[in-house]
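Structural overview for review
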Amino acid sequence: MRNPSASLPVRLRLTLAFCLAMAVVLTALGTFLHTRMGTELTAAVDLDLRARAAATVGSLARSERTPLDAGRGLIDPDESFGQILWPNGDVVETTPAVAAAPMLPPGTARTVTTPVFLERHVVGVDDPARLLALPVRLPGAVPRPAVLVVGAPLGDRAEALDRLLLLLLIGGPLALTASSYAGWLLAGAALRPVERIRREAAAISEAEPERRLTVPPTGDELARLARTLNAMLARLQDALEREHRFVDTAGHELRTPLALLRAQLELATARPRDRTELEAALRSAAAETDRLVGLAEDLLVLARARQGRLPLRRETVFLPGLLTDAAEAFRARATAAGATITVETRGSREATADVDPVRLRQVLHNLIDNALRHAGPAGPGRITLGVERADGTVRVCVRDRGRGFPPAVLAGPPSPRPDASAGGLGLSIVAMIAAAHGGRMDLADDPVGGATVTVSLRTAPARDGRAEGRSAAAGRRAEPAETAVERAAHRGGEGGRCAGAGTDPGRTGSPGRP
């Protein structure tokens, strides 16, 4: 069940909490003052009773005729009274105000052996009385024991406590109101910077993503909050810019095959064609359609990776055969471009691994396509596919004799998102698939020309071909797309390379070529 106080504004909740705390403090303070004052007033009455009892005992020692009058000058006569009683309760001597009856019953009088204070109603006195009873001896030939009782009414004490209580009941709420208002102002002053930060944050829009919050110079929690929010805004701005670059790249990648497909169809229908020309046009259109299908699959991989769930269906794969199939798929295109594709399987002719064959085939196709599209001045030259397996890791290498990677790309920090100037989506897809397998992608330039891409994939025990609805290798969720690409490319120099790669070990970088 929802707490009703949770819907109240923070300022009001702080004020109510402060008000409740002040109410508890004022109540405790008032109770302490009332109790303390009552104790002090009682002590003052007891002091007066002791003084009068001492004066009366001194008068008895001097054998004066009216000992009870000895201490009357110490207290207002209307406020003092006393009696001398026999132990059986009979009155020996009394003051006029209490002459109607003994001040102590016989049972109490017989038990007085030491000075004792009592509070009780006395006949002839309207208010409750405070009594001091102590044993004495009456003078005579044979001193006889008796009980001296002196008393004073507690009306003045009760009246003083009532006045104090009235003052507390009037002043307490006033003090609580004033302190609560001060708490309201204090809470408002404390939350004012938060409200200012909220207004500034609300004013930030997609049209001005570079805008930041003003950090107060206090160095306190609010300053740290503003800095944290600014860091979050910077990350959001970076993500927004990556999204824009991604959309630009996707549009750039899709525009070329669509334009070629449209041109082929328009050319085929521009004038009557013979069978041979129509078949050539259809084959060209089919090739562009295949490229569009590949781009759609790449975009789907990116979307799934961004959602943190790039699914893998691991099964035992014969690696040399998979490389040979990928080379054959691009053989005709490579021949048309004047390139050759070679598969090197030295030491790994029987190598198998538990990987996702569809994803690994996608890796190979993207890398071969990237090598063919980024040819050097003399053409792609020779494209070499290699594979090796060691220590539970499969390394797939693709080398070409193209233009290689620009020094700025290899030396600079990796771009977390591909863009049109960085070679498109292909290498980004490769990096994400490698990350989903628990591996990475390494990029390097060959000192004699060309580039080498090494993809390391962690293998897992075979599961009898059963599909794994997993988000990443070994049951882990795939990293976000930008994290996967950045981590895979940035650590290019950390992993091993395939045998014969011939790469420059000091130059690695982010995916894509100009």
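A quick note: this is a predicted structure, and the numbers were derived from the prediction, not measured. Note on numbering: residues in each chain are counted from 1, in written sequence order. Where totals are concerned, whole chains, interfaces and linings use all residues; where local detail is concerned, this predicted model gives features only for residues with pLDDT of at least 70, and gives and counts side-chain atom pairs only at 80 or more. Hydrogens and water molecules were not included; the side-chain quantities draw on all heavy atoms of the structure.

1. Points about the nonpolar core
Here is the rule we go by: Nonpolar core, defined: a set of buried Ala, Val, Leu, Ile, Met, Phe, Trp, Tyr and Cys residues in which side-chain atoms within 4.5 Å join the residues together. For the exposure calls, accessible area comes from a 1.4 Å probe over protein chains only, and a residue counts as buried if that area is under 20% of its type's maximum, exposed if over 50%, partly exposed in between. Secondary structure elements follow DSSP: runs of H or I of four or more residues count as helices, runs of E of two or more count as strands, with numbering from the N terminus. Whether two residues are in contact is decided by their heavy atoms: any pair within 4.5 Å suffices.
Leu319, Ile341, Leu360, Leu367, Leu385, Met441 and Val455 are the most contacted members of the largest nonpolar core, which has 43 residues in total. Elements with a minimum of two residues in this core: helix 6 (319-329), strand 8 (352-355), helix 8 (357-373), strand 9 (382-390), strand 10 (393-399), helix 10 (426-436), strand 11 (440-445) and strand 12 (451-458). The contacts of Val455, once residues within four sequence positions are left out, are Val363, Leu367, Val394, Arg395, Val396, Val430, Ala434, Arg440 and Met441. With 14 residues, the next largest nonpolar core counts Ala53, Leu134, Val136 and Leu154 among its residues.

2. What to know about the sheet that holds strand 7 (residues 340-344)
The condition that has to hold: At least two DSSP bridges between two strands are required for those strands to pair. Here an axis means a line fitted to C-alpha atoms, over the contact stretch when the element is a helix, while the angle between two N-to-C directions is reported on a 0 to 180 degree scale.
As summarised here, the arrangement of the five strands in space is 7-9-10-12-11, forming an open sheet in which the pairing is mixed. The strands lining the two open edges of the sheet, one partner per strand, are strand 7 and strand 11. Pairwise comparison of adjacent strand axes, ignoring direction, gives a mean angle of 15 degrees for this sheet. Where strand 9 and strand 10 come together, seven bridges link them in antiparallel fashion. Bridge pairing in strand 10 places Thr384 opposite Arg399. Across the sheet, helix 8 touches strand 7, strand 9, strand 10 and strand 12, and the angle it forms with strand 12 is around 175 degrees.

3. So, the sheet that holds strand 5 (residues 144-153)
Sheet architecture is open: five strands sit in the order 2-1-5-4-3, paired in antiparallel fashion. The sheet terminates laterally at strand 2 (91-94) and strand 3 (116-120), the two strands that pair on one side only. Averaged over all neighbouring strand pairs, the angle between strand axes comes to 25 degrees, with direction disregarded. Docked against the sheet, helix 1 (residues 10-61) engages strand 1 (81-85), strand 3, strand 4 (129-138) and strand 5, running at close to 20 degrees with respect to strand 4.

4. With respect to a nonpolar patch on the surface
Going by this rule: Excluding any residue in a salt bridge, patches collect residues exceeding 30% relative accessible area, merging like charges within 9 Å and nonpolar Val, Leu, Ile, Met, Phe, Trp and Tyr side chains within 5 Å. Throughout, the Shrake-Rupley method with a 1.4 Å probe supplies accessible areas, and for residues the shown protein chains are the sole cover considered. A carboxyl oxygen of Asp or Glu within 4 Å of a side-chain nitrogen of Lys or Arg is what we treat as a salt bridge.
Nonpolar side chains collect at one region of the surface, where Leu29, Phe32 and Leu33 lie side by side and expose about 290 Å² of accessible area between them. Locating Leu29 in the fold gives a position in helix 1.

5. Re the packing of helix 1 against helix 3 (residues 155-203)
Helix packing for two helices is described by the angle between their axes and how far apart those axes are. We count it as follows: When an angle is under 35 degrees it counts as roughly parallel; over 145 it counts as roughly antiparallel; between 65 and 115 it counts as roughly perpendicular; any other value is oblique. Left-handed describes a crossing in which the near helix is turned anticlockwise from the far one by less than a right angle; the clockwise case is right-handed. Three classes are used, and their members are as follows: Ala, Val, Leu, Ile, Met, Phe, Trp, Tyr, Cys and Pro are nonpolar, Asp, Glu, Lys and Arg are charged, and the others, Gly among them, are polar.
Running from amino to carboxyl end, helix 1 crosses helix 3 at an angle of 160 degrees, the nearest separation of the two axes being 8 Å. Between helix 1 and helix 3, the interaxial angle falls into the category roughly antiparallel. The chirality of how helix 1 crosses helix 3 is right-handed. Split by residue class, the contact of helix 1 with helix 3 holds 22 nonpolar, ten polar and two charged.

6. Re the pattern of salt bridges
Tallied over the full model, the rule gives 16 salt bridges. The partner of Arg130 in a salt bridge is Glu119, with the nearest N and O atoms 3.1 Å apart. Of this pair, Arg130 sits in strand 4 while Glu119 sits in strand 3, and the two are eleven residues apart along the sequence. Owing to a relative accessible area of 13%, Arg130 belongs among the buried residues under this scheme. In this structure, Glu195 engages Arg199 in a salt bridge whose closest nitrogen and oxygen atoms are separated by 3.7 Å. Of the two residues, Glu195 and Arg199 both sit in helix 3, four residues apart, roughly one turn of that helix. By relative accessible area, which is 47% here, Arg199 ends up partly exposed. Sharing partners across several salt bridges, the network here consists of Asp46, Glu119 and Arg130.

7. Some details on the packing of helix 6 against helix 8
Helix 8 packs onto helix 6 with a crossing angle of 45 degrees between their chain directions and a minimal axis gap of 10 Å. Relative to helix 8, helix 6 is oriented oblique. At the point where helix 6 passes helix 8, the crossing takes the right-handed sense. In this structure, helix 6 uses Leu319, Leu322, Leu323, Ala326, Ala327 and Ala329 to contact helix 8, whose residues at the interface are Pro357, Leu360, Arg361, Leu364, His365 and Ile368.

8. Let's talk about the confidence of the model for the protein
To keep it simple, the criterion reads: By definition, pLDDT measures how confident the predictor is in each residue, and it falls between 0 and 100.
Put simply, the protein has an average pLDDT of 77, and 77% of its residues get 70 or more. Model confidence for the protein, summarised as mean pLDDT per element, is weakest for helix 11 (residues 481-490) at 38 and strongest for strand 3 at 93. Within the model, the stretch residues 461-497 combines pLDDT values under 50 with 101 contacts to residues more than four positions away or in other chains. Taken together, the stretch residues 499-512 has pLDDT below 50 and engages in 53 contacts with residues farther than four places along the chain or on a different chain.

9. Regarding helix 10
Working note: α-helix, 3.6 residues per turn, so residues spaced by three or four point in the same direction. For helix 10, a buried count of eleven out of eleven residues is recorded, marking the element as mostly surrounded by other parts of the structure. Taken residue by residue, helix 10 has Gly426, Leu427, Ser428, Ile429, Val430, Ala431, Met432, Ile433, Ala434, Ala435 and Ala436 as its buried positions. Directly beyond the C-terminal end of helix 10, a positive phi value near 80 degrees is found at Gly438.

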